[in-house]
Amino acid sequence: MEIVFVFGRLFLSSISNVIQKQLSHQGLHPFYIVATTYAVLAVLALPFFINGAFSELSTSFWINVFLASLLDVGGWMFMVMSLSKTDLSVFGPLNAYKVVISMLFALVFLDEMPTLQGFAGVIVIVAGSFFLLPPANGAAPNRFATLLQDRGVQARFLSILLFSIGTVFLKGSLEHSTPLETLIFWSWFGLPMVLLANALLKTESLTDNVKKSQPHLLLMTAVGLTVFVMQYLTLVLLSQMLIAYTLALFQLGMLLQVFLGHRIFNEPHLVRRLIGSLVMVLGSLLVLQVY
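Residues numbered from 1 in each chain as written. Predicted model: local features only at pLDDT ≥ 70, side-chain atom pairs only at ≥ 80, totals over all residues. Heavy atoms only, no water.

> When you look at the pattern of salt bridges in this model, what are you seeing that I'm missing?
Pairing between side chains of opposite charge can happen when their charged atoms approach one another. Applying the stated criterion across every chain yields a total of one salt bridge. Across the pair Asp 87 and Arg 273 runs a salt bridge, and its minimum N-O distance is 3.1 Å. In this pair, Asp 87 is assigned in the loop between helix H3 (59-85) and helix H4 (88-91) and Arg 273 in helix H14 (residues 270-288), connecting sequence segments 186 residues apart. A relative accessible area of 27% places Asp 87 in the partly exposed class. Residue classification places Arg 273 among the buried positions, given a relative accessible area of 5%. (Salt bridge = Lys/Arg side-chain N within 4 Å of Asp/Glu carboxyl O. Helix = DSSP H or I, 4+ residues; strand = E, 2+ residues; numbered from the N terminus. Buried < 20%, exposed > 50% of the residue type's maximum accessible area, 1.4 Å probe, protein only.)

> What is the right way to read empty space enclosed by the protein from this model?
Summary: where empty space remains is shown by rolling a probe the size of a single water molecule over the atoms. Counted under the stated rule, the structure contains one cavity of 30 Å³ or more. Considered as a void within the structure, the largest cavity measures approximately 490 Å³ in volume. Lining the largest cavity are 31 residues; nearest its centre among them are Arg 9, Ser 13, Asn 95, Lys 98 and Phe 163. Elements that contribute at least two residues to the lining of the largest cavity include exactly helix H1 (2-25), H3, helix H8 (151-174), helix H11 (217-240), helix H12 (243-250) and helix H13 (253-265). (1 Å grid on protein atoms, 1.4 Å probe; cavity = no way out; pocket = protein on both sides within 12 Å on 5 of 7 lines; lining within 4 Å. Points joined across faces, edges and corners; volume = space filled by probe spheres on them.)

> Looking at this structure, I do not really get H1. What am I missing?
An α-helical turn contains 3.6 residues, so a residue and the one three or four places further along point in the same direction. Here H1 spans 35 Å end to end across 24 residues, near enough to the 34 Å set by a 1.5 Å rise per residue. Where H1 ends, the next residue or the one after it, Gly 27, has phi of about 90°, a positive value. (Expected span 1.5 Å × (residues − 1).)

> Hey, could you run me through the nonpolar core in this one?
Burial of nonpolar side chains together is a common tendency in soluble globular proteins. Grouped together as the largest cluster of nonpolar side chains are 56 residues, with contacts concentrated most on Tyr 38, Trp 76, Trp 186 and Val 194. Sorting the residues of this core by element identifies H1, helix H2 (30-50), H3, H4, H8, helix H9 (179-201), H11 and H13 as the ones contributing at least two each. In contact with Trp 76, other than residues within four places in its own chain, are Gln 20, Val 34, Tyr 38, Phe 163, Trp 186, Val 227 and Met 230. Membership of the second largest hydrophobic core comes to 17 residues, among which are Ala 96, Tyr 97, Met 103 and Leu 133. (Core = buried A, V, L, I, M, F, W, Y, C linked by side-chain atoms within 4.5 Å. Contact = heavy atoms within 4.5 Å.)

> Before we go on, may I ask you to explain the packing of aromatic side chains in this structure?
Following the criterion strictly, the structure yields 15 aromatic pairs and no others. Ring geometry for Phe 48 and Phe 228: centres 6.0 Å apart, planes at 25°, overall stacked. Residue Phe 48 is found in helix H2, and its partner Phe 228 is found in helix H11; the two are separated by 180 residues along the sequence. According to the relative accessible area criterion, Phe 228 is buried, its value standing at 8%. Aromatic pair Phe 54 and Phe 185: ring centres 5.1 Å apart, planes at 90°, arrangement edge-to-face. On the criterion of sequence distance, the pair formed by Phe 54 in the loop between H2 and H3 and Phe 185 in helix H9 is long-range, its members being 131 residues apart. As far as the burial class goes, Phe 54 and Phe 185 line up, both buried. Put simply, the rings of Phe 49, Phe 54, Phe 61, Trp 62, Phe 66, Phe 185, Trp 188 and Phe 189 pair up and form one aromatic cluster. The ring of Phe 265 has Lys 21 lying over it, and the distance from NZ or CZ to the ring centre is 5.7 Å. Sitting above the plane of the Phe 91 ring, Arg 156 keeps its charged end 4.0 Å from the centroid. (Phe/Tyr/Trp six-rings, centres within 6.5 Å; stacked < 30°, edge-to-face > 60°. Lys NZ or Arg CZ within 6 Å of the ring centre and 35° of its normal.)

Right, here's the structure in full:
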């Protein structure tokens, strides 16, 4: 059953990314796309709230789910911003850097020194990154710097950082609740946060975004629905598996995203980016086998 949930989660994540990218191509601001996604999430969570009983949830649960919601809102905003600026076939494989960030957290905050295998995995992930760029005659360090200077790639790294920290608090909330209970309040806490972020950051006119979005209401609803089910599957997996193992399985999704980027958005260098993704999956497995 876990494998079914993993592949269901990978498929829904890729589909939601495709739709979000399509919506950004219609002129909708990334932050507005995230806001409408959370609006749909809040509506979908309402029936489960009405039929639930939550009086026995502990203070630890409320703290953890609030912090997870806060971090994940930022993660979603930077993620959709990255999708609007970066090829899906580059966006997907960059998810491998999540295990690198997790390893750095363990080094800095838990004083866990990585093994030689862990360092080797990081080197393999970085090496795989070179395949995400078009072939060029320039020196390898310059090419890697080019990747890091891309605004979409920078936004992707920020989203990975926030999601990685948020996962810790999601795991903490699941120690005091069921996946469905966490999902309900994760969705509800996220909505006012993303609306506040839209207001404070003074993005494009709300009226303009609403007008642009009217022909795409079905797609926007589909995003919210896929994210709702995807997040539920993620929470079920986190409640039953170690975070490291869950992250390892999630890396497989980058292969699907490279293919969808080529098939739907006509992104170039399919074979090259598939090779890079396979290399980065290998690097991720090397790192995560340490834990």
